[in-house]
Amino acid sequence: TPSQGTGTTRISMPQPVNKDDSIRTILRKTLGSRCLVRNNGWWTYEFCHARHVGEFHLTTIVNPATGIMTDSKEDEHKLGL
């Protein structure tokens, strides 16, 4: 979550994992609300624990008037959850 007026992002530290924790608990403790994202050629894959798994193609668009680049998701598919 961006900090008020600082332009920085706060990242919470993962909680300690215990030997007897389930996989679900380990994922919750280590990822929290963050997602894992992996680009593999045409597709980008996204895993957000307890929320969704998906794939999409990311296209970069350049505004010719300003030169500002933005990313656009195309061909988005939800693979689970």
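Further up the page is the structure itself.
Residues numbered from 1 in each chain as written. Predicted model: local features only at pLDDT ≥ 70, side-chain atom pairs only at ≥ 80, totals over all residues. Heavy atoms only, no water.

Side note on the environment of arginine 38
Using the following cut-off: Only DSSP runs of H or I covering at least 4 residues are called helices, and only runs of E covering at least 2 are called strands; the numbering of each starts at the N terminus.
Here arginine 38 lies in strand β1 (residues 36-40). It is 9.4 Å that separates the C-alpha atoms of arginine 38 and glutamate 55, two residues lying 17 residues apart in sequence.

As for the sheet that holds β1
Defined as follows: The pairing criterion for strands is at least two bridges between them, as found by DSSP. With axes taken as lines fitted to C-alpha atoms, and helix axes fitted only over the stretch in contact, angles between N-to-C directions fall between 0 and 180 degrees.
What the 4 strands build is an open sheet, ordered β1-β2-β3-β4; its pairing is antiparallel. Edge positions in the open sheet fall to β1 and β4 (69-80), since each of these has one partner strand only. Geometrically, the sheet is characterised by an average inter-axis angle of 25° between neighbouring strands, direction not taken into account. Here 5 bridges tie strand β2 (residues 43-48) to strand β3 (residues 52-62), and the two strands are oriented antiparallel to one another.

Regarding the state of the cysteines
Worth spelling out the cut-off: Throughout, a disulfide means two cysteine sulfur atoms within 2.5 Å of one another. Only protein chains enter the area calculation, which uses a 1.4 Å probe; residues under 20% of their type maximum are buried, those over 50% are exposed, and those in between are partly exposed.
Applying the stated criterion across every chain, the model contains 1 disulfide. Linked covalently through their sulfurs, cysteine 35 and cysteine 48 form a disulfide whose S-S length is 1.9 Å. Taking the torsion about the S-S bond as the criterion, the cysteine 35 to cysteine 48 disulfide, at about 110°, is right-handed. A residue pair is termed long-range when its members are at least 10 positions apart, and cysteine 35 in the loop between α1 (23-31) and β1 and cysteine 48 in strand β2 qualify at 13 residues. For cysteine 48, a relative accessible area of 1% puts it in the buried group.

Digging into the pattern of salt bridges
Put simply, the test is: Here a salt bridge means any side-chain nitrogen of Lys or Arg lying within 4 Å of a carboxyl oxygen belonging to Asp or Glu.
Counting across every chain of the model gives 3 salt bridges. For aspartate 21, the salt bridge goes to lysine 29, with nearest N and O atoms at 2.8 Å. Take aspartate 21 and lysine 29: they sit in the same class, and that class is buried. Here glutamate 76 ties to lysine 73 by a salt bridge, and the two come within 3.8 Å at their closest N and O atoms. Residue classification places glutamate 76 among the partly exposed residues on the basis of a relative accessible area of 41%. Overall, lysine 73 belongs to the partly exposed group, its relative accessible area being 41%. Residues joined by salt bridges that share partners form a network here, namely Lys73, Glu76 and Lys78.

Functional significance is not addressed by these values, which are geometric in nature.
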